[in-house]
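Residue-level listing of the chains:
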Amino acid sequence: MYRLLKQEGRAKRGELVTVHGTVQTPVFMNVGTVAAIKGAVSTGDLEQIKTQVQLSNTYHLHVRPGDKIVKQLGGLHKFMSWDKPILTDSGGFQVFSLSTLRKIKEEGVYFNSHIDGRKIFMGPEESMQIQSNLASTIAMAFDECAPAKAERGYVENSVARTTRWLERCKTEMSRLNGLADTINKKQLLFGINQGAIYADIRIEHAKRIRELDLDGYAVGGLAVGETHEEMYHILDETVPYLPADKPTYLMGVGTPANILEGVERGIDFFDCVYPSRNGRHGHLYTNQGKINLFNAKFELDDRPIEEGCGCPACSRYSRAYIRHLLKAKEMLGMRLCVLHNLYFYNTMMEEIRDSLDRGEFSSYKKAKLEGMSRPAE
Ligand SMILES: [Zn+2]
């Protein structure tokens, strides 16, 4: 159940109560693609860096180790030893982005595995069954994420099919939640708004899917090649047509600035691989902008990545040491950088929530953006 605690303009401060605990929103979900965050980050680490929700990818877990195996082992929570909320995506995005030789039909998508090339079929029912086997807290509806530059006619057909798929997802989810051997019988279902960069298609779709009275609503198909301005415009147009008393989720977004802009437009949930991916390459977020630890000027820098940061990297180690680890290709270097970046994101979300509680989000946002746009030392 979602409670809208406070609003400042369109920005929402809320909480989502689930069987795996309560999520304070706005929140950034930390992306653990194959049930682990890349960079040797353990679930014990996640507790230290203020992670509220972990996100895993259905397609990857279906291919390896297989969702039936995860179910036999008690579901994803038990498998990875994490008792807080987990969101699984539908698998659709990976089917459309990773696989070759895919064929979209009314019943679903036929494609080849990116690991061993074997033929796989996935439709709305299969996606729900896999996510039910994984027993995540929140399941995402199976949809088609049309390319940002797709032609209008294509997008219209695609969105109509995504709506029909969503209805099938809802039916299948309630059937699965009623089965005796289902691990999480309270699994939540979020629907996904699509429509590329056509605001009118997005609005019609939002109106249509809110009638289904789902547990939450995502805006999908953004951050796939359109400009930031186009993305903000779509959010301005579309989010007002999604119910304010349900959680909203902007999929795959983004930079700290994108997140601040998303919160302002009424988004509760975010996820993105940037903090972990950038961390693995020594690119670190600070309140004074991004720094690249491979830069020679950090060779003798005995300060932490960021003064005052409480993350496991900054509370013990210097920039010079972590830089040395990265250059020596020691796994610890990558791990510390990922932990710092995720802590930075999770802390920013905490600051956003605090500022909303105080009714000062707008001034917080302005100050944060100014700080981060200064050239880093
Ligand atoms: Zn830090």
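Above this text sits the structure in question.
Position labels on residues start from 1 in each chain and follow its written sequence. Totals for whole chains, interfaces and linings use all residues, but because this is a predicted model, local features are given only for residues with pLDDT of at least 70 and pairs of side-chain atoms are given and counted only at 80 or more. Note that the side-chain values use all heavy atoms of the structure and ignore hydrogens as well as water.

Caption draft 1: Representation of the overall build of the protein chain. Tallying secondary structure elements over the protein chain gives 14 helices and 16 strands in all. Each principal axis of the C-alpha atoms in the protein chain carries an extent, and together these give about 60 × 45 × 40 Å. A 1.4 Å probe rolled over the protein chains alone gives each residue an accessible area, and that area as a share of the maximum for its type sets the label: buried under 20%, exposed over 50%, partly exposed in between. Going through the 377 residues of the protein chain one by one, you find that 58% of them count as buried. Within the protein chain, contacts between residues separated by at least 24 positions form 68% of all contacts whose residues are at least 6 apart in sequence. Calculation of accessible area relied on Shrake-Rupley with a 1.4 Å probe; when residues are assessed, cover is drawn exclusively from the protein chains displayed. Only carbon and sulfur atoms are counted for the fraction: they give 51% of the accessible area of the protein chain, which is about 15700 Å². In the protein chain, 49 side chains carry a positive charge and 47 a negative one; their mean positions are 4 Å apart. Working definition: helices are DSSP H or I runs of at least four residues, strands are E runs of at least two. Numbering for both runs from the N terminus. For this analysis, residues touch if any pair of their heavy atoms sits within 4.5 Å. Charged-residue counts in this description rest on Lys and Arg as positive and Asp and Glu as negative, His and the chain ends being excluded. Think of each charge as sitting on NZ of Lys, CZ of Arg, CG of Asp or CD of Glu.

Caption draft 2: Region of the structure containing the packing of helix α6 (residues 124–134) against helix α7 (residues 152–177). Between α6 and α7, the shortest axis-to-axis distance is 8 Å and the interhelical angle comes to 40°. Once α6 is placed against α7, the crossing between them reads as right-handed. Taken together, the residues of α7 that come into contact with α6 (itself represented by P124, E125, M128, Q129 and S132) are W165, R168, C169, E172, M173, R175 and L176. Each axis is a line fitted through C-alpha atoms, taken for helices only over the stretch in contact, and angles between the N-to-C directions span 0 to 180 degrees. Note on convention: the crossing is left-handed when the near helix lies turned anticlockwise from the far helix by less than a right angle, right-handed when the turn is clockwise.

Caption draft 3: Expanded view of the sheet that holds strand β8 (residues 109–112). Two strands pair if DSSP finds at least two bridges between them. In space, the three strands of this open sheet follow the order β7-β8-β9, with antiparallel pairing throughout. One side of each edge strand has no neighbouring strand; the edge strands of this open sheet are β7 (103–104) and β9 (119–122). Where β7 meets β8, two bridges bridge the pair, whose relative direction is antiparallel. Its bridge partner lying in β8, K103 is registered against Y110.

Caption draft 4: Broad picture of the nonpolar core. Formed by 83 residues in total, the largest nonpolar core has its most connected members in I259 and I352. The greatest single-element share of this core, amounting to twelve residues, is contributed by helix α13 (residues 331–358). With residues up to four places along the chain from it excluded, the contact list for I259 reads F28, V253, G254, F270, Y345, M348, M349 and I352. Take the buried residues of types Ala, Val, Leu, Ile, Met, Phe, Trp, Tyr and Cys, join any two whose side-chain atoms come within 4.5 Å, and each joined set is a nonpolar core. Y2, L16, L188 and M251 belong to the second-largest nonpolar core, a separate cluster that totals 18 residues.

Caption draft 5: Highlighting the environment of Q94. With respect to the helices and strands, the residue Q94 is situated in helix α5 (residues 92–98). Residues Q94 and R3, 91 residues apart in the sequence, show an inter-C-alpha distance of 32 Å.

Caption draft 6: Focus on the pattern of salt bridges. By definition, a salt bridge exists where a carboxyl oxygen of Asp or Glu is found within 4 Å of a side-chain nitrogen of Lys or Arg. Inspection of the entire model under this criterion finds 28 salt bridges. A salt bridge links E264 to K365, with the nearest nitrogen and oxygen atoms 3.1 Å apart. Of this pair, E264 sits in helix α10 (residues 256–264) while K365 sits in helix α14 (residues 361–373), placing them 101 residues apart in sequence. K365 gets classed as buried once you look at its relative accessible area, which sits at 10%. Connected through shared salt-bridge partners, D236, E261, E264, R265 and K365 make up one network.

Caption draft 7: Geometry of the coordination of the zinc ion. The zinc ion binds to the protein through C309 (SG), C311 (SG), C314 (SG) and H340 (ND1), with metal-donor distances spanning 2.1 to 2.3 Å. Here the coordinating atoms are restricted to nitrogen, oxygen and sulfur within 2.8 Å of the metal centre, or 3.2 Å for Na, K and Ca, and because water is not among them the sites may look incomplete. Under the classification used here, a metal with four donors is tetrahedral if each angle lies between 85 and 135 degrees, square planar if opposite donors are over 155 degrees apart and the others between 65 and 115, a six-donor metal meeting that same test is octahedral, and anything else is irregular. Taken together, the four donor atoms surrounding the zinc ion define angles of 103 to 113° at the centre, an arrangement classified as tetrahedral. Positions of the donor residues of the zinc ion, expressed as sequence spacing, correspond to C-x1-C-x2-C-x25-H. With relative accessibility at 0%, the residue C311 sits in the buried group.

Caption draft 8: Broad picture of the state of the cysteines. Defined by distance alone, a disulfide is two cysteine sulfur atoms within 2.5 Å. One pass over the structure, following the stated rule, counts zero disulfides. No disulfide involves C145; its sulfur sits 14 Å from that of C272, the nearest cysteine. On the accessibility criterion, C145 (15% relative accessible area) is buried.

Caption draft 9: Spatial organisation of the environment of D302. Counting through the fold element by element, D302 comes out in the loop between β16 (289–292) and α12 (319–327). Look at D302 and you get exposed, because its relative accessible area is 66%. Spatially, the C-alpha atom of D302 lies 6.0 Å from that of R319, the residues being 17 residues apart in sequence.

Caption draft 10: Representation of the sheet that holds strand β13 (residues 248–250) in the model. Spatially, β4-β5-β6-β10-β11-β12-β13-β14 is the arrangement adopted by the eight strands of the closed barrel, whose pairing is parallel. Along the sheet, successive strands turn relative to each other by an average axial angle of 30°, direction set aside. Pairing geometry for strand β6 (residues 86–88) and strand β10 (residues 138–140), over two bridges, is parallel. Note on β10: the bridge partner recorded for L87 is I138. Against the sheet, helix α8 (residues 199–210) engages β11 (188–193) and β12 (216–219), with an angle of about 160° to β11.

All we've got here are geometric facts, nothing functional implied.
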